[in-house]
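Per-entry structural report
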Amino acid sequence: MNTVPHATPLRRAPVQRRSAERLTRILDACADLLDEVGYDALSTRAVALRAGVPIGSVYRFFGNKRQMADALAQRNLERYTERVTKRLEETGDAGWREALDAVLDEYLAMKRTAPGFSLVDFGNQIPIGDRHAEPNHRVAERLTALLSGYVGRRPDDDLRRVFLVAVETADTLVQLAFRVAPDGDEKVIEEARELLRAYLGRVLD
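The structure displayed is predicted, hence computed values, not measured ones.

Side chains three or four residues apart in an α-helix point the same way, a direct result of the helix having 3.6 residues per turn. Between the first and last C-alpha of helix α7 (residues 135-147) there are 18 Å, a value that for 13 residues agrees with the 18 Å anticipated at 1.5 Å per step. The buried fraction of α7 amounts to 11 of the 13 residues, a majority that puts the element mostly inside the structure. The complete set of buried residues in α7 reads Pro 135, Asn 136, His 137, Arg 138, Val 139, Ala 140, Glu 141, Arg 142, Leu 143, Thr 144 and Leu 147. Those residues of α7 hidden inside the fold are in contact with α4 (65-91), α5 (96-113) and α8 (157-180).

So, about the side chain of Thr 81. Examined against the element boundaries, Thr 81 turns out to sit in helix α4. Within the structure, Thr 81 has its side chain in polar contact with the side chain of Arg 142 (distance 3.1 Å). In this structure, Thr 81 is in contact with Arg 142 and Leu 146, ignoring residues within four places of it in sequence.

For the structure on display, the rule yields six aromatic pairs. For the pair Tyr 80 and Tyr 107, a centre-to-centre distance of 6.4 Å together with 85° between the ring planes defines the contact as edge-to-face. Placement of Tyr 80 in helix α4 and of Tyr 107 in helix α5 is noted, with a sequence separation of 27 residues between them. The pair Tyr 80 / Tyr 107 is uniform in exposure class, with both members buried. Three or more aromatic residues joined by ring pairs form one cluster here, namely Tyr 80, Tyr 107, Phe 117 and Phe 122. Stacked on the ring of Tyr 39, the Lys or Arg Lys 65 has its end atom at 4.6 Å from the ring centre.

The rules behind each value
- Residues numbered from 1 in each chain as written.
- Predicted model: local features only at pLDDT ≥ 70, side-chain atom pairs only at ≥ 80, totals over all residues.
- Heavy atoms only, no water.
- Helix = DSSP H or I, 4+ residues; strand = E, 2+ residues; numbered from the N terminus.
- Expected span 1.5 Å × (residues − 1).
- Buried < 20%, exposed > 50% of the residue type's maximum accessible area, 1.4 Å probe, protein only.
- Contact = heavy atoms within 4.5 Å.
- Polar contact = N/O pair within 3.5 Å; in protein donor to acceptor, adjacent residues only side chain to side chain.
- Phe/Tyr/Trp six-rings, centres within 6.5 Å; stacked < 30°, edge-to-face > 60°.
- Lys NZ or Arg CZ within 6 Å of the ring centre and 35° of its normal.

Okay, here's the thing in structure tokens:
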């Protein structure tokens, strides 16, 4: 199973602290505006105004709003990984079911609270970035690297395939839960959790 390339790189990576802080403000503004106006009405000029930076600062990092949204999706993945890692450190060696809860719960928390996440999440909600990059593959790759040692398995193609199926399944069912209820229907979410436990138990028990 081939590894998946990362999201579209920045035009220019920030070197100085001031530049990094400006990039953060741009992505924060992008996230807020996605919630307010949606992707179609999003513009680089509106992001620059909201972030309080010259329009040239936006173009220093991004060629267009598609690249900006893709960078936001990549930042979401980094933050999600950090949240899951912290949760696993808190739970200790409690088994793969607790790891599954951490993976699913932190995704749900970000979907409910992170600005712009409901539209972009890790890149698969709107047509942004490289259409062959397949964000769920990126998520599965990240979880394979993060969880392989935790579940006592080698990060080989078989485990990558298992996590990819789990990620695709969870993604579909979570989207259903949020179509049923604005904050995610708890009964659908619990059905998804039980389905994932049954599938992963076949492999990980």
